Amino acid sequence: MTGPGGARLLAISDLHVGYEANREIVERLRPETDEDWLIVAGDVGERFADIIWALSTLKRHFGTVIWLPGNHELWTPSDDPVTLRGEARYQYLVRQARGLGVITPEDPYPVWQGPRGPVAVCPLFLLYDYSWRDGTPGATTKEQALAYSHELGVVCTDEMFLHPDPLPGRDDWCRARVALTESRLSALDPDLPTVLANHWPLQRDPTAILRYPSFALWCGTELTEDWHTRFRAAEVVYGHLHIPRVTWLDGVRFTEVSLGYPREWGSRESGPSGPRLILTGRQGVVQEAGR
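The numbering scheme is per chain: residues are counted from 1 as the chain's sequence reads. Where local features are concerned, this predicted model is filtered to residues with pLDDT of at least 70; where side-chain atom pairs are given and counted, the filter is 80 or more; whole-chain, interface and lining totals use all residues. Just so you know, side-chain values use all the structure's heavy atoms and leave hydrogens and water out.

**Focus on the overall build of the protein chain**
Part 1 of the reasoning: Counting its regular elements, the protein chain contains eight helices and ten strands.
Part 2 of the reasoning: The globule rule puts the C-alpha radius of gyration for 291 residues at 19 Å, and the 18 Å found for the protein chain is close to it.
Part 3 of the reasoning: Dimensions of the protein chain, computed from C-alpha atoms along their principal axes, come out at roughly 55 × 40 × 40 Å.
Part 4 of the reasoning: Relative to its 291 residues, the protein chain shows a buried fraction of 56%.
Part 5 of the reasoning: Only heavy atoms enter the contact rule, under which two residues are in contact if any of them lie within 4.5 Å. In the protein chain, the proportion of contacts linking residues at least 24 apart, taken out of those at least 6 apart, comes to 75%.
Part 6 of the reasoning: Put simply, the protein chain shows about 12200 Å² of open surface, and 51% of that area lies on carbon and sulfur atoms. Helix and strand definitions here come from DSSP, where helices need a minimum of 4 consecutive H or I residues and strands a minimum of 2 consecutive E residues; each element is numbered from the N-terminal end. Radius of gyration: C-alpha atoms only; globule rule: 2.2 Å multiplied by the number of residues to the exponent 0.38. Buried means the residue's accessible area, taken with a 1.4 Å probe over protein chains only, is under 20% of the maximum for its type, while exposed means over 50%, and partly exposed covers the values in between. The accessible surface values rely on the Shrake-Rupley method and a 1.4 Å probe; as for residues, cover is taken only from the protein chains in view.

Here is the structure:
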């Protein structure tokens with residue numbers, strides 16, 4: 001049954017269910033209507049069992065769950081019985097999510113039916129390529145930027161746990177994912193608006209408020225800077241930064257939807273952020289916009 005406000009497209013990221021307080025929040029999440037959809041925009045957890053637990057828990061309550069990975073899902077921690085790395089780990093996660101009935105970046109994009117017409121909801125998996133070097137003055141190459149950040153003591157844990165196998169680097173994996181995704185988005189109906197959901201920001205402006213500017217190296221790629229206009233975004237959803245907020249660029253709303261760590265949301269007067277409202281609609285019937 002659809003409530004008086006209609007069905008809702010919701011989004012949340014950075015659940016980090018390895019923390020018991022966050023796990024309890026996930027257990028309590030509920031839709032307001034039977035037709036609500038939930039985008040889970042990455043960083044569900046680090047260990048395979050935790051990721052599958054969270055997705056299966058959410059799928060029991062939400063009729064449609066759309067998941068895309070963050071960097072933490074792609075880690076291979078030493079204490080995880082699932083020792084797969086890189087692409088093999090990602091594809092295994094995709095197969096397991098599909099087995100739960102969860103939509104992944106490898107599936108046809110579902111279409112949300114809103115009051116202004118259909119919108120393709122596009123879960124993306126793009127990574128980063130170290131090209132956002134604004135926070136590393138004077139660095140003109142990836143190597144120089146990484147060396148600068150290492151000297152500052154600002155190094156993403158991905159450098160230890162996120163393996164790009166079988167490709168030589170995370171930036172190579174990023175470029176491959178961007179090319180694949182660009183082809184799929186370009187094949188969509190040119191009159192069809194989109195919701196672009198990616199764990200990492202598609203546009204570098206949100207990283208301007210990072211406490212450690214050089215961390216932007218691990219936050220995205222210059223290859224997607226114009227995707228919000230190029231691919232007709234009605235909304236861009238992202239996480240990763242743990243700075244939940246709304247910004248606007250070129251008339252497009254960008255919504256950071258992270259829950260974050262307990263130490264972060266626990267310091268806010270408002271407490272933890274629940275799923276953010278992205279769109280409302282008449283119905284939540286899954287239709288395919290293309291592969």
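Moving on from the model shown.
**Side note on the sheet that holds strand β2 (residues 37–40)**
In any sheet, the strands associate via hydrogen bonds between backbone groups, in a parallel or an antiparallel arrangement.
Part 1 of the reasoning: Only strands joined by at least two bridges in the DSSP assignment are considered to pair. Pairing within the open sheet is mixed, and its four strands lie in the order β3-β2-β1-β10. In this open sheet, the two strands that pair with only one neighbour each are β3 (64–67) and β10 (276–281). Direction aside, the axes of adjacent strands within the sheet are offset by 20° on average.
Part 2 of the reasoning: The pairing of strand β1 (residues 7–12) with β10 spans five bridges and is classified as antiparallel. What sits directly across from A7, in β10, is G281. Every axis corresponds to a line fitted to the C-alpha atoms, with the helix fit spanning only the stretch in contact, and the corresponding angles, defined between N-to-C directions, vary from 0 to 180 degrees.

**Examining the pairing of strand β8 (residues 245–249)**
Part 1 of the reasoning: Bridge analysis of β8 against strand β9 (residues 252–256) gives five bridges, and the strand direction is antiparallel. What sits directly across from L249, in β9, is V252.
Part 2 of the reasoning: Counting the residues between successive antiparallel strands, the hairpin from β8 to β9 contains two residues, one of them, D250, with a positive phi of roughly 55°.

**A few points about the pattern of salt bridges**
Part 1 of the reasoning: The term salt bridge refers to a side-chain nitrogen of Lys or Arg lying within 4 Å of a carboxyl oxygen of Asp or Glu. For the structure shown, the criterion picks out 17 salt bridges.
Part 2 of the reasoning: One salt bridge connects R170 with E159, and the closest N-O pair in it is separated by 2.8 Å. Taken as a pair, R170 in helix α6 (residues 170–186) and E159 in helix α5 (residues 158–161) lie far apart in primary sequence, eleven residues in all.
Part 3 of the reasoning: A relative accessible area of 12% means that R170 is categorised as buried.
Part 4 of the reasoning: One connected set of salt bridges, linked through shared partners, spans D134, R204, E222 and E225.

**Digging into the pairing of strand β4 (residues 111–114)**
Part 1 of the reasoning: Residues of β4 alternate between two faces, with V111 and Q113 on one and W112 and G114 on the opposite face, all of them buried.
Part 2 of the reasoning: Bridge analysis of β4 against strand β5 (residues 117–123) gives four bridges, and the strand direction is antiparallel. Bridging across to β5, V111 finds its partner in A120.
Part 3 of the reasoning: Turn length for the β4-β5 hairpin, with the two strands adjacent in sequence and antiparallel, is two residues.

**Section: the environment of L259**
Part 1 of the reasoning: Here L259 lies in the loop between β9 and α8 (262–265).
Part 2 of the reasoning: Here L259 falls in the buried class, since its relative accessible area comes to 0%.
Part 3 of the reasoning: Separated by 74 residues in the primary sequence, L259 and L185 place their C-alpha atoms 28 Å from one another.
Part 4 of the reasoning: Excluding its chain neighbours within four sequence positions, the residues that come into contact with L259 are I12, S13, D14, L15, N22, I25, W265, R268, P272 and S273.

**Here's the deal with the sheet that holds β5**
Part 1 of the reasoning: Across the sheet, which stays open at both edges, the six strands sit in the order β4-β5-β6-β7-β9-β8 with mixed pairing between neighbours. The outermost strands of the open sheet, each flanked by one partner alone, are β4 and β8. Within this sheet the neighbouring strands show an average axis-to-axis angle of 20°, counted without direction.
Part 2 of the reasoning: Across four bridges, strand β7 (residues 233–238) lies against β9 in parallel orientation. From the neighbouring strand, V236 faces β9, where its bridge partner is F254.

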